[in-house]
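Given next are the chains, with one letter for each unit.
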Amino acid sequence: MTRRKGLLAVGECMVEMSGGENDLYRLGFAGDTLNTAWHLKSALTQRGRADLAISYHTALGDDSLSDRIIGFLQMSQLGVETVQRIPGRRPGLYMIEQRNGDRDFIYWRETSAARQMADDAEALHAAFAKPEWIYFSGITLAILSADARATFLQALETACKDGAQIAFDPNLRPRLWEDGPTMCRNVEAAAALADIIFPSFDDEAHHFGDADPVATCARYRALSPRSEIIVKDGPAPLHLALPEVKPVEITLPPVTMVVDATGAGDGFNAGYIAARLCGLSANEAVHSGIALSASVLGHHGAIP
């Protein structure tokens, strides 16, 4: 099967309320995989590769905000051909408040339509049948029911056998899961299918007991020997591990202006994937990711 050049990002698009100065909030649309898809499309366009199709797969409701999200995706030149519309459902919502120089998130997502995006196995397999790359995160898995997760991973495995490549951000969020062991088991099952993996060391150390980023590289290498592993660690050096190569430590340049850290990691993923889709080396892709992440830090909200 010849797959379409580009990438399908899969996850939850939420209504985002950011800012909060004088109790005034900016309404936007965001979500970890959506943030990456948006920045990826923008980065590819800047590189003269607007021909690479970037699409988004999720489930939305039949309300006016869902209509606005579809309009936003289309305006952002993200494909929406596989988005499901579920009668009676609504998008999830979250609010970002700045407290003592850090972010505080409040979520309303229990009845989000995206929780049902993998309930229709046939539609999911059809969505995964065409793109060259599929990108998703641990949050994508976390919001699904146990049966839907199994359906999702099965569809992903089928896509891999048919030639798709997988990029995965574990994005560990224990509050979204039934329990820690379920989270860890599903994240490792997903990572075993991946060609690119973007762990964050603090989360990995807390939930898997990794002693250092090199240990995180080794654990994911055991799960997926073919993968490119990029372990992020906030402002500390990140680690790049390629197949059969010792992990390399890469120092991040200082960031001069930090307005809001929301979506910075998603921006890094986008910069890295964009560079790899354009044929750059993994080392060049890391620096592309660093630059895009720094740009995101200078704006309110996940998508400026």
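Not measured: the values here are computed from a predicted model.

Calculation criteria
Residues numbered from 1 in each chain as written. Predicted model: local features only at pLDDT ≥ 70, side-chain atom pairs only at ≥ 80, totals over all residues. Heavy atoms only, no water. Phe/Tyr/Trp six-rings, centres within 6.5 Å; stacked < 30°, edge-to-face > 60°. Helix = DSSP H or I, 4+ residues; strand = E, 2+ residues; numbered from the N terminus. Buried < 20%, exposed > 50% of the residue type's maximum accessible area, 1.4 Å probe, protein only. Lys NZ or Arg CZ within 6 Å of the ring centre and 35° of its normal. Salt bridge = Lys/Arg side-chain N within 4 Å of Asp/Glu carboxyl O.

Draft legend 1. Inspection of the packing of aromatic side chains at higher detail. Applying the stated criterion across every chain, the model contains 10 aromatic pairs. Between Phe 128 and Phe 152 the ring centres are 5.5 Å apart and the planes differ by 85 degrees, which places this aromatic pair in the edge-to-face class. Of this pair, Phe 128 sits in helix α3 (residues 121–128) while Phe 152 sits in helix α5 (residues 146–161), placing them 24 residues apart in sequence. As far as the burial class goes, Phe 128 and Phe 152 line up, both buried. Through successive ring pairs, a cluster of aromatic residues spans Phe 128, Phe 136, Phe 152 and Phe 168. The cationic tip of Arg 219 hangs over the ring face of Phe 208; the distance from NZ or CZ to the ring centre is 3.9 Å.

Draft legend 2. Here's a closer look at the pattern of salt bridges. All chains considered together, the criterion is met by 16 salt bridges. Two residues, Arg 85 and Asp 67, come together in a salt bridge whose shortest N-O distance is 2.6 Å. On the criterion of sequence distance, the pair formed by Arg 85 in strand β6 (residues 84–85) and Asp 67 in helix α2 (residues 64–75) is long-range, its members being 18 residues apart. For Arg 85, a relative accessible area of 37% gives the class partly exposed.

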